Amino acid sequence: MKAAIYPGSFDPMTYGHLDIIRRAAEIFDELTVSVLNNKGKSPLFSVEERVKILQEATKELPNVKVDSFSGLLVDYAKEKDVHVIIRGLRAITDFEYELQGAQTNRILSEGKLDTMFLTTSLEYAYLSSSSVKEIASFHGDITQFVPEFVAQLVYEKYGHTAK
Ligand code: PNS
């Protein structure tokens, strides 16, 4: 069975993430989308909330599981006995950071953990969780960027009522 992990902050999940999830789920028998529990960051949504959002958004995809992890990705992948990491590449600006992560993980795992990049569909190539949060914080319309139920949750965080 071919399995992969798609790790990320997903704060919040956007249509760009969902696009990568759907496409990776077509390629692999089992895809685990895993939320990084990063104590250093101050996220908008808790890990539990982010997991719930991803579960709701992927409920129609039977081979997609949602989980969370803390610590090193290589340790988490080893524990799950998974050897492929999925990451989305939006533009050249993502490349350096992603290359560094992929190379680091290969070295840390002694060559056992590879990273596969899927190029984000063009309509989502400009999209980021940070811009979604910034737009919502100024009461802008984010309904083109995230599913409706996610948009409501984001607006609630900023004390706005739905658009
Ligand atoms: O959605 P993001 O914030 O771009 O995801 C980054 C993520 C979670 C893939 C990366 O920060 C990560 O894997 N962190 C876990 C710590 C780790 O293993 N670091 C070494 C490799 S970069």
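Position labels on residues start from 1 in each chain and follow its written sequence. Given that the model is predicted, a residue must reach a pLDDT of at least 70 before its local features are reported, and side-chain atom pairs must reach 80 or more before they are shown or counted; all residues, however, enter totals for whole chains, interfaces and linings. Side-chain numbers here rest on the full set of heavy atoms in the structure, without hydrogens or water.

Visitor: Lay out the packing of aromatic side chains in plain terms, naming residues and giving numbers.
Guide: Working definition: a ring pair exists when centres of Phe, Tyr or Trp rings (six-membered ring for Trp) sit within 6.5 Å. Plane angles under 30 degrees give stacked, over 60 give edge-to-face, the rest tilted. All chains considered together, the criterion is met by 4 aromatic pairs. On the numbers, 5.2 Å between centres and 90° between planes, the contact of Y6 with F10 is edge-to-face. When sorted by exposure, Y6 lands in the same class as F10, which is buried. When the ring of Y126 is compared with that of F145, the centres are 6.0 Å apart and the planes differ by 70°; the resulting orientation is edge-to-face. Here Y126, found in the loop between β5 (114-119) and α5 (129-137), pairs with F145, found in the loop between α5 and α6 (148-157); they are 19 residues apart in sequence, far enough to count as distant. Relative accessibility decides the category of a residue: with a 1.4 Å probe and only protein chains considered, values under 20% of the type maximum give buried, values over 50% give exposed, and everything between is partly exposed. For helices the rule is a DSSP run of H or I covering at least 4 residues; for strands it is a run of E covering at least 2, with both sets numbered from the N terminus onward.

Visitor: Help me get a handle on the pairing of strand β2 (residues 30-36), residues and values and all.
Guide: Of all 7 residues that make up β2, 5 are buried, and the element is covered over most of its length. In this description, strands pair whenever DSSP reports at least two bridges between them. Alignment of strand β1 (residues 3-8) against β2, held across 6 bridges, turns out to be parallel. Bridge pairing links G8 to V35 in β2. Tracing the backbone out of β1, into helix α1 (residues 15-27) and back to the parallel element β2 gives a crossover that is right-handed. Pairing geometry for β2 and strand β3 (residues 64-69), over 6 bridges, is parallel. Within β3, the residue paired with V33 across the bridge is V66. Convention used here: a crossover is right-handed provided that the path from the first strand, over the helix, to the second strand proceeds clockwise when the strands point away from the viewer. In this fold, β2 hands off to helix α2 (residues 47-57), which returns the chain to β3; that crossover is right-handed.

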